[in-house]
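Next come the chains, spelled out residue by residue.
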Amino acid sequence: MGNGSYALSQFLTIIIISRFLGAENVGIYSFALAIVTPLLIFLNLGLRMQLMTDIKREVPIAVYKKAQILASCIGMIAILLLCFIFKLEYEISVIAILIGLMKSIEYQSELYYGYLQRNRLNKIVSYSLFVKSIAFVFSIILGVYLEQSLINTVFYAALFYCIVGFIFDRRNINKNIEILNEKITKKYLLKILQIGLPLSLSTLLISLNVNFPRIILGKYDIEQLGYFASVVAFMQIGTLLVVSVGQVFSGKMANFYHSGDFKKYYNIASIGIAIAFLIGLFAILFSYLLGEKIMKNLLDHNNSDNLMTYIFLMAPFQYMMTIFGYIQGATRKSKNLLIVNILVFTVVSVLSLLLIPNYKIYGMISAMLIASILGCFIYAFILIKGYNKQVIS
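Residues numbered from 1 in each chain as written. Predicted model: local features only at pLDDT ≥ 70, side-chain atom pairs only at ≥ 80, totals over all residues. Heavy atoms only, no water.

*Asks:* Explain the nonpolar core here, please?
*Replies:* The nonpolar side chains of soluble globular proteins are, as a tendency, buried together. Grouped together as the largest cluster of nonpolar side chains are 118 residues, with contacts concentrated most on Tyr29, Ile95, Phe228, Met253 and Ile327. Other than its neighbours up to four places away in sequence, tyrosine 29 contacts Thr13, Ile14, Ile17, Ile95, Ile99, Phe136, Leu150 and Val154. (Core = buried A, V, L, I, M, F, W, Y, C linked by side-chain atoms within 4.5 Å. Buried < 20%, exposed > 50% of the residue type's maximum accessible area, 1.4 Å probe, protein only. Contact = heavy atoms within 4.5 Å.)

*Asks:* What's the story with the packing of aromatic side chains in this structure? I'm lost.
*Replies:* Any aromatic ring pair is given by two values, namely how distant the centres are and how the planes are angled relative to each other. Tallied over the entire structure, the rule returns 12 aromatic pairs. When the centroid spacing of 5.0 Å and the interplanar angle of 65° are considered together, the rings of tyrosine 257 and tyrosine 265 count as edge-to-face. Of the two residues examined, tyrosine 257 and tyrosine 265, each falls in the buried class. Between phenylalanine 286 and phenylalanine 312, the aromatic rings sit 6.4 Å apart at their centres with planes inclined by 45°, giving tilted as the arrangement. One end of the pair, phenylalanine 286, is in helix H10 (residues 262-297); the other, phenylalanine 312, is in helix H11 (residues 307-312), with 26 residues separating them in the sequence. Chaining the aromatic ring pairs together yields one cluster made of Tyr257, Phe262, Tyr265, Tyr266 and Tyr387. (Phe/Tyr/Trp six-rings, centres within 6.5 Å; stacked < 30°, edge-to-face > 60°. Helix = DSSP H or I, 4+ residues; strand = E, 2+ residues; numbered from the N terminus.)

*Asks:* In this structure, what is going on with unusual backbone geometry? I would like to understand it.
*Replies:* Most peptide bonds are trans, and most residues other than glycine sit at a negative phi. One non-glycine residue, lysine 87, lies in positive phi territory at about 50°. Structurally, the position occupied by lysine 87 is in the loop between helix H4 (61-85) and helix H5 (90-118). Its relative accessible area of 73% is what places lysine 87 among the exposed residues. The phi torsion at lysine 360 lies on the positive side, around 50°, for a residue other than glycine. The residue lysine 360 is located in helix H13 (residues 335-392) in this model. The exposure class assigned to lysine 360 is partly exposed, which follows from its relative accessible area of 25%.

Okay, structure coming up:
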């Protein structure tokens, strides 16, 4: 329920903005999001994944909490500096700051979600996401209806999201989690950084694989970026389903891997990959059958060149890349994640710089598709190699 409602809220946000404020405003919103997201992801240090897979309780939850607050404060300062240094337009700057505020609150909640999922209290997580999703969509509708302004709409969304998230999640935290007043010692900090830096660098690269092409396209044609983001909103429903699978499976994979039951670890990993691939195939079929109607009726685009289906060709490979990330993350060994994502980012960056200036949105799609296929092949090779070494040998 939780991840489904969250996916639906993100989907409805883009569709509402697209329908009532136009593709250009979707492009502006997506451009600001593409700038802010990688930065905050890196500073977050993968704290939710660290906490969720910290089976031996090496770091107290209070230390994770303080580290998260510190990361959020640094992130907001960095966003302000980024807007000033690169002289971003006023509208983009304001929206970037509001998105940063929302994401800072979201990451604080996600930290506790990691603790709750580690202790198999998934219903609380689902309920929290459901309540915040309803509040977020309501605020977007209210903003569009009352103001007809992107800045004011995002302001309403940030306000509602922060109020509901703070009140609702804080009540559940106090009820279900006992947090002792532990200090951030050098030992704990080094442990968080040792695991978190490679993990956050890998997550940063994953984010840049998606957001760097968006930034380049936004510089050349903000309206085409809006169309791309509107179509990808449909694809993100599948992404959230895959993420929910990964989050459910990651705890089990971590337990099996660290207890030495490698066969079960690889069995669950294989199931996760298969589910991601099937969701991707269904997404392509969906875009082929309904793409024309969706583009015309919701996005005011004639889809004469099958734009939606072309974008959705990325789905199986991007979904599998997401699951591969959880598979590697469960081992708490981030070296392979880092290597793969450096290679993928290098490919997508070079191709984006070469193709987008001339081919705009189609150059962007081609760059992302080629890079994601490459990433899947490399991850599959690493997984097969590990299986042969740890199970068959």
